[in-house]
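Summary of the model geometry
Take a look at the letters that make up each chain.
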Amino acid sequence: MTNRNKKNEFGLCDGVRVTSNGYEITTSRSNGSGVERVYNLPMVDEEKWIKEWENEGLHRALDGDKKQKFYLLVEFPYPSGAGLHVGHARSWSAMDAYARKKRMEGYNVLYPMGWDAFGLPAENYALKMGVHPSQVVPENIATFKKQCQALGLSFDWSREIDTTNPQYYKWTQWIFIQLFKKGLAYQAEVSVNWCPACKTNLADEEVLANGTHERCGSPTQRRPQKQWLLKITAYADKLLEGLETVDYSEDVKMQQVNWIGRKEWIDITYPVVGTNEKIVVSTTRPDTNFGATFVVVAPGHPILQTVKDRKVLEYAQKAENKSELERISQGKKKTGVFTGLYAVNQLNGQKLPIWVADFVLMTVGTGAVVGVPGHDKRDFEFAKAFDLPIVKVVDGDKMINSGFLDGLEIQTAISKMMDYLERKGWGKRIIRYNLHDWVFSRQHYWGEPIPIVHCPKCGPVAVPEDQLPVELPYLKKYEPSGTGESPLAKAADWVKAACPECGGPARRETDTMPNWAGSNWYFIRYLDNKNERELASKEKMKHWLPVDMYQGGAEHITLHLLYSRFIYRFLHEIGVVPTAEPYMKRRTHGIVLGADGRKMSKSFGNVINPDEIVRKYGADTLRMYEMFMGPFGQMVAWSDTAVEGVYRFLKRVWVLALSAKHEARSTSEAKARIARLVAKIGADIEALKFNTMVAAAMEYINWWQSHPDEVGKDVVEKFILGLAPMAPFTAEELWHKLGHTDSVHKQKWPEYDPKLAVEKQRVIVVQVNGKVRDRVEDGVDIEQRAALSDKVKKFIGGAKYRTIYVPGKIINFVCLT
RNA sequence: GCCGGGGUGGUGGAAUGGUAGACACACGGGCCUUAAGAGCCCGCAGUCCAUUGGACUGUGCGAGUUCGACUCUCGCCCCCGGCACCA
C-alpha cells in the first residue's frame with residue numbers, strides 16, 4: 001500500500017511523493033513533441049532567485065564599509081565562442097562557496113568578474129566565423145555572463161570590466177606610456193619567436209619547451225625584427241625577492257623561480273695563442289676548470305673573423321642558418337670543426353684547442369664554453385666524438401686533480417675558484433637570468449594600439465595622456481599580413497598623425513599590444529571601473545588592495561602571473577598602487593578532463609556543456625559535484641554517474657528538511673553533529689578542501705536519514721545555513737519554505753559550541769603489540785577492564801607486559817620478551 | 001640532469017603519528033512496483049578457516065625510527081608538472 005500523491009502529508013510540496021518505504025521526486029514536462037522526464041529539482045525556481053539576488057544587490061561589495069574587507073579574485077576568462085567550460089565552473093563555484101561563507105562571517109567581500117576579450121583567440125574565432133571581432137565579442141560576453149548567473153555565482157556585476165572597452169584600454173595605454181617614460185618600454189631589433197600559423201611575433205613565455213606556440217600548437221621560428229620590448233629583466237631580482245613576502249603554493253613559487261633562472265656565472269678570459277686576441281668563456285662551474293681540455297665557440301662568435309680556413313667558415317655559416325630548435329634538440333649527434341686556434345688555461349698553462357659547434361648558442365652566456373668532458377655529459381659526448389682528452393676532476397662530491405681545490409666540496413670549490421680568478425684578474429663574476437625582456441608588440445588587429453607616434457625628427461613620441469585612448473580604428477579587412485606589418489598600417493587616415501613634440505607630420509605605431517596587456521592590471525579596475533581620471537581612486541585602492549586570495553590556472557604562472565606582478569611593482573614604484581605585491585595568496589586548481597581522461601576537446605567528442613547539466617539536474621548539483629570530484633588542486637576526469645550521486649544527496653536534503661518534525665526537540669547527538677559539520681565546512685573552505693566538505697554534508701544526511709526523529713527545527717536551520725555556500729539555490733528555497741522571508745545568504749554563519757564540535761571517541765581501541773585486538777567503552781578503570789578482555793588475554797598469554805595508554809584514543813599492551 | 005608535486009580497493013578519493021579505505025561511483029543481493037524509472041534496505045580490499053565468528057596479508061619497492069607508520073628518516077622505482085645540450 002502506498003501513499004502516492006498524498007501531498008503535504010509530511011509538509012512536502014509538489015513533486016515529492018512519499019511511498020510506504022521512502023519517497024520519490026519525479027516530474028514531467030511537455031517539451032512540445034511529448035513528455036520529457038526532467039531531473040531538475042522541480043521545486044527550486046532558480047531564475048526567480050537569480051533575479052531577486054541581483055535586485056537586492058546581495059553580492060555588491062561596499063566601498064568604505066566598516067566591515068573587514070576580503071578581496072577574492074579568480075582569473076577572468078577570454079570569452080570564447082564555445083561558452084563556459086566546466087573547468088571555469090569548477091574553480092568559480094568553489095571560490096563562490098568561499099565568498100558566500102566569508103560574507104556570512106561578516107566580511108565585506110569583493111568577488112568580481114570581467115572579460116579578457118582582446119587577443120589572438122578572439123580574432124581567429126571572428127575570422128573563422130566571418131564576422132568582425134567587435135561584433136563577436138559582445139555576443140560571447142553575453143553568453144558567458146548568462147552562464148555565470150545560471151550557476152548562481154555571486155559576482156558583483158556592478159564592477160564588470162571588458163578589456164576591449166576604450167574606457168578600459170585607455171588605462172592600459174596609460175600604463176604603457178608610464179613605462180615608456182621611464183625607459184622600460186623600448187624598441188629594439190631582436191631575434192623574436194614567429195608563429196607562421198598566427199602570423200605574429202610571440203613572447204618567450206608563449207613558446208612551449210618543445211618550440212610550439214602555446215595557443216595554436218604550431219612550431220615557431222626565429223626571425224630578427226624591430227619590436228617593442230618591456231624591460232622585465234630590470235625587475236628580475238625584485239620579482240624573486242617578492243616571492244618571499246607572499247603566500248604562494250610551492251609549485252607556483254618554483255615555476256617562477258625556475259623561469260627567472262637567476263644564476264651566478266663567471267666570465268673567464270683566455271689569451272689566444274699566437275695572436276693578440278682574447279676569448280671570454282662563461283661558466284657557472286669554474287671549480288671544474290682544471291679538467292678543461294678544449295673550448296667551443298658558437299657559430300657567429302667574433303673570434304671566427306680571424307679564421308681563414310674555408311671549412312670552418314662553411315660549417316659556421318650552415319649552422320647559423322639552422323633553427324635553434326634544430327641545433328639543440330636532444331640526442332643529436334655532436335658536430336663541430338677545429339678552428340686551428342688555441343686558448344691558454346692560465347690556471348695550469350695548458351693549451352686548449354678552440355672548436356666551433358652548433359650546440360653552443362650566441363644567446364647564452366658569452367657564446368663560448370670551456371669543455372670539461374670529465375664532468376659534463378654534453379662535453380663528454382663532444383670529446384668522445386672528436387677524440388679529445390678526458391680528465392676527471394670531481395669524485396663523488398669532492399674535487400680531485402684540481403690543485404688548490406683538491407678535497408674541497410663542490411660549493412666551496414666554486415666560490416674559492418671565483419675569488420681566485422677575480423683576484424688574478426682573469427675572471428669576473430656576473431649574474432645572468434633565464435628571463436629575457438618581454439616582446440610586447442603584435443602584428444595583429446585585435447589588440448590595444450600602442451600609443452606612440454613616430455616622428456622623423458623627434459623619433460618615437462608618446463601620445464599625450466589627455467589624448468588617450470588611441471582608439472582601435474574599425475577595419476573591415478583585418479587579416480594578418482604575414483609580412484611582419486600590422487593590419488593597422490592599412491588604415492592610412494588613422495596612421496597619419498601630427499608629432500606631439502614638434503607638430504610635424506608623423507606616423508602612428510601600427511603594432512598592437514599582446515593579449516596579456518589588459519590582464520596585467522584588471523584587478524585594479526574592478527575597484528573603480530567607471531573612473532575617468534585614474535586607473536582607480538587612491539582611496540579605493542588603499543581600501544581593497546592587495547588581493548587577499550587569487551585563484552587561477554597553473555598554465556598562467558610564467559605568463560600572466562609573472563607579468564602582472566612586474567607591472568604592479570612598477571606601478572608601486574611610481575606611486576600609483578599602495579603595495580609592492582598584488583596578490584597575498586595564490587592557489588591553483590587542477591583542470592577538468594573528459595570522462596575518457598583526455599583533455600576536453602570537440603575533436604574527441606568529450607566536451608561537457610555546463611548548461612546541459614544545469615538543465616538536467618540544477619545548478620546546485622553541478623556546483624557540488626564539481627567540488628566533490630577530487631582535491632581542488634588536482635586534475636580530475638568527469639564522471640556522468642558520479643553527478644547522479646550528488647543529485648541524490650540534494651533530493652534527500654530536500655525531503656528531510658521539509659519532513660522534519662519542527663516541534664521536535666533536537667537531541668544532543670543531533671546538536672553535536674551539526675556543530676561538527678558547521679565547523680568542518682568552515683575549516684574545509686578555508687583550506688580549499690571542497691571535496692571533504694561535501695563528503696561531510698553527505699555523512700550528516702546519512703545519519704539524519706536513519707535518525708529522523710532526533711532533528712528539530714533549530715538543527716535543520718543550521719544545516720541549511722551550512723549548505724548555503726555550496727548549494728545556494730536549494731538553501732534559499734528551503735530557508736523560505738521554513739517560513740523565513742529574508743534571504744538565507746544574508747544570515748550570519750551559524751554559531752556553535754566549540755566543545756560540541758570536538759568529536760568524543762566513546763569506544764577505545766585496545767591493541768596488543770600494536771595490533772588491534774578489541775574495543776572497550778571509555779570510562780573509569782579502562783586499563784583494568786581492557787586487560788581483562790578475553791581477546792587481549794589470548795594474545796598476551798602469560799607474558800609480562802607494559803601499558804601505553806593515550807587517554808581518549810588508544811590502549812596498547814606491549815609484551816616484554 | 002636540476003627543481004616541485006604525487007603513487008592507497010574495480011573507480012574518484014579519505015585519513016599527516018593512534019581502528020587504513022570516510023564520502024561517492026560502479027557492481028551484487030533484497031524490498032516496493034502490473035512494469036519501467038525513482039526510492040528504500042543489505043553487502044562490497046585480498047586470502048584462508050568458519051555456525052555465531054575468527055586468523056593472516058595489505059597504502060609503489062627495500063631498510064630504519066617508534067609501544068604504534070599511508071603519515072617521520074634514508075636508499076631505490078614509477079607517474080605528473082616546471083626549467084634545460086644554460087655551459
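About the thresholds
- Residues numbered from 1 in each chain as written.
- Chains lettered and ligands numbered in written order.
- Predicted model: local features only at pLDDT ≥ 70, side-chain atom pairs only at ≥ 80, totals over all residues.
- Heavy atoms only, no water.
- Helix = DSSP H or I, 4+ residues; strand = E, 2+ residues; numbered from the N terminus.
- Contact = heavy atoms within 4.5 Å.
- Areas by Shrake-Rupley, 256 points an atom, 1.4 Å probe, with all protein chains shown as cover.
- Expected span 1.5 Å × (residues − 1).
- UniProt positions renumbered as here; feature names shortened; annotations may be inferred.
- pLDDT = per-residue confidence, 0-100.
- Phe/Tyr/Trp six-rings, centres within 6.5 Å; stacked < 30°, edge-to-face > 60°.
- Lys NZ or Arg CZ within 6 Å of the ring centre and 35° of its normal.
- Core = buried A, V, L, I, M, F, W, Y, C linked by side-chain atoms within 4.5 Å.
- Buried < 20%, exposed > 50% of the residue type's maximum accessible area, 1.4 Å probe, protein only.
- Axes fitted to C-alpha atoms, helices over the stretch in contact; angles between N-to-C directions.
- Parallel < 35°, antiparallel > 145°, perpendicular 65-115°, else oblique.
- Pairing = 2+ DSSP bridges.
- Right-handed = clockwise from strand over helix to strand, strands pointing away.
- Left-handed = near helix turned anticlockwise from the far one by under 90°.
- Nonpolar A, V, L, I, M, F, W, Y, C, P; charged D, E, K, R; others polar.
- Lys, Arg positive; Asp, Glu negative; His and termini not counted.
- Salt bridge = Lys/Arg side-chain N within 4 Å of Asp/Glu carboxyl O.
- Arc of directions from axis to C-beta.
- Polar contact = N/O pair within 3.5 Å; in protein donor to acceptor, adjacent residues only side chain to side chain.
- Disulfide = S-S within 2.5 Å.

Bringing the overall build of chain A into the picture now. Scanning chain A for helices and strands turns up 25 helices and 34 strands. Across its three principal directions, the C-alpha atoms of chain A cover 105 × 90 × 55 Å. A separation threshold of at least 6 residues defines the contact pool for chain A, and within that pool the share at least 24 residues apart is 72%. About 37400 Å² of surface is accessible on chain A, with carbon and sulfur atoms providing 50% of the total.

The first and last C-alpha atoms of helix H4 (residues 133-150) sit 26 Å apart over 18 residues, in line with the 26 Å expected at 1.5 Å per residue. If you follow the buried residues of H4, they end up packed against helix H2 (86-104), strand E7 (114-115), helix H3 (120-129), strand E8 (161-162) and helix H16 (610-617). Immediately downstream of H4, the backbone of Gly152 shows phi near 75 degrees, a positive value.

Moving on to the UniProt feature "domain: Methionyl/Leucyl tRNA synthetase" (unreviewed entry) in chain A. On the UniProt side, "domain: Methionyl/Leucyl tRNA synthetase" (unreviewed entry) is annotated at positions that read residues 75-222 here. Here residues 75-222 runs as 43% helix and 16% strand, with 31 Å between its end C-alpha atoms.

Our focus in this paragraph is unusual backbone geometry. Trans peptide bonds make up the majority, and among non-glycine residues the majority have a negative phi. Between Leu468 and Pro469 the backbone carries a cis peptide bond, its omega angle lying at 0 degrees. Omega for the peptide link from Leu545 to Pro546 comes to 0 degrees, which places this bond in the cis form. Tracing the chain through its elements places Pro546 in the loop between helix H14 (538-544) and strand E27 (549-553). With a phi angle near 55 degrees, Lys199 is a residue other than glycine that sits in the positive phi range. Within the secondary structure layout, Lys199 lies in the loop between strand E9 (185-195) and strand E10 (200-202). Phi is positive for Asn769, which is not a glycine, with a value near 50 degrees. Relative to the helices and strands, Asn769 resides in the loop between strand E31 (763-768) and strand E32 (771-777).

Mean pLDDT for chain A: 89, with 94% of residues reaching 70 or above. For the stretch residues 1-15, pLDDT sits under 50, and the model shows 27 contacts to residues farther than four places along the chain or on other chains. Segment residues 26-42: pLDDT under 50, and 34 contacts once partners within four positions in sequence are set aside and those in other chains are kept. Predicted complex, confidence summary: ipTM 0.95, pTM 0.92.

Bringing the packing of aromatic side chains into the picture now. Two aromatic rings, taken as a pair, are described by how far apart their centres are and by the angle between their planes. Scanning all chains against the criterion turns up 46 aromatic pairs. Here Lys102 stacks its cationic end above the ring of Tyr107, 4.2 Å away from the centre of that ring. Here Arg773 stacks its cationic end above the ring of Phe795, 3.6 Å away from the centre of that ring.

Let us look at the nonpolar core. Judged by nonpolar contacts, the single largest core of 178 residues is most densely connected at Trp638 and Trp704. Counting 48 residues, the second largest nonpolar core, distinct from the first, contains Val297, Ile303, Met399 and Ile414.

Packing of helix H1 (residues 46-56) against helix H22 (residues 728-737) brings their axes to within 10 Å, and their N-to-C directions diverge by 90 degrees. It follows from the interaxial angle that H1 and H22 lie roughly perpendicular. The residues of H22 that touch H1, namely those facing Glu46, Trp49, Ile50 and Trp53, are Pro728, Phe729, Glu732, Glu733 and His736.

Across the sheet, which stays open at both edges, the 4 strands sit in the order E24-E23-E26-E25 with antiparallel pairing between neighbours. Pairing within the sheet leaves two strands with one partner each, and these edge strands are strand E24 (459-462) and strand E25 (496-498). On average, adjacent strands in this sheet sit at an angle of 40 degrees to one another, irrespective of strand direction.

Across the sheet, which stays open at both edges, the 5 strands sit in the order E6-E5-E27-E28-E12 with parallel pairing between neighbours. The open sheet is flanked by strand E6 (108-110) and strand E12 (247-248), the only strands paired with a single partner. Sheet topology note: the strand E5 (residues 69-74)/E27 ladder contains 3 bridges and is parallel. Within E27, the residue paired with Val74 across the bridge is Gln551. Helix-sheet contacts for helix H15 (residues 557-573) involve E12, E27 and strand E28 (585-589), and the interaxial angle to E27 is about 150 degrees.

Pairing of E12 with E28, which is carried by 2 bridges, proceeds in the parallel orientation. Each bridged residue has a counterpart across the sheet, and for Tyr248 the counterpart in E28 is Arg586. As judged from the 4 bridges shared by E27 and E28, these two strands associate in the parallel manner. Looking at E28, one finds that Gly553 is bridged to His589. In this region the chain leaves E27, passes through H15 and returns to the parallel neighbour E28; the handedness of that crossover is right-handed.

Let us now look at the packing of helix H18 (residues 640-659) against helix H21 (residues 713-723). The geometry of a pair of packed helices is captured by two quantities: the angle between their axes and the separation between those axes. The geometry of H18 relative to H21 is characterised by a closest axis approach of 11 Å and an angle of 150 degrees between their N-to-C directions. Taken together, the axes of H18 and H21 are roughly antiparallel relative to one another. For the crossing formed where H18 meets H21, the hand is left-handed. Within the contact between the two elements, H18 uses Phe649, Val653 and Ala657 and H21 uses Val716, Phe719 and Leu723. Split by residue class, the contact of H18 with H21 holds 6 nonpolar, no polar and no charged.

The next subject is the side chain of Glu448. In this fold, Glu448 is placed in the loop between strand E22 (438-439) and strand E23 (452-455). No salt bridge is formed by the buried Glu448. Its closest oppositely charged neighbour is Arg442, at 9.7 Å.

A few words now on helix H10 (residues 377-386). By the burial criterion, the buried members of H10 are Asp379, Phe382 and Ala383. Projected down its long axis, H10 carries its buried residues within an arc of 100 degrees, all on one side. More than 90 degrees from the buried face of H10, the exposed residues found are Lys377 and Lys384. In this structure, the buried side of H10 is in contact with strand E15 (294-297), strand E17 (350-356) and strand E18 (368-371). Capping of H10 at its N-terminal end is provided by Asp376; its side-chain oxygen lies 2.9 Å from the backbone amide nitrogen of Arg378.

For the rest of this paragraph, the subject is the pattern of salt bridges. For the coordinates displayed, the defined rule picks out 38 salt bridges. Across the pair Glu422 and Arg429 runs a salt bridge, and its minimum N-O distance is 3.0 Å. Residue Glu422 is classed as partly exposed on the basis of its relative accessible area of 32%. Each of Arg60, Asp63, Asp156, Arg159, Asp528 and Lys540 takes part in one network of salt bridges that share partners.

For Met600, the location among the structural elements is in the loop between strand E29 (592-593) and H16. As a C-alpha pair, Met600 and Arg665 span 65 residues in sequence and 50 Å in three-dimensional space. Ignoring sequence-local partners within four residues, the contact set of Met600 consists of His85, Val86, Val592, Leu593, Gly594, Asn606, Val607, Ile608 and Trp638.

Enumeration according to the criterion identifies 0 disulfides in this entry. Summary of cysteine pairing: Cys195 is not part of a disulfide, and the nearest cysteine sulfur, belonging to Cys216, is at 3.6 Å. By relative accessible area, which is 0% here, Cys195 ends up buried. Among the cysteines around Cys198, which has no disulfide bond, Cys216 carries the closest sulfur, lying 3.7 Å off.

Once that is clear, we can look at the pairing of E18. The side-chain alternation of E18 yields two buried faces, one formed by Ala368 and Val370 and the other by Val369 and Gly371. As defined by bridge partners, E15 adjoins E18 across 4 bridges and the pair is classed as antiparallel. Following the sheet pairing, Val297 is matched in E18 by Ala368.

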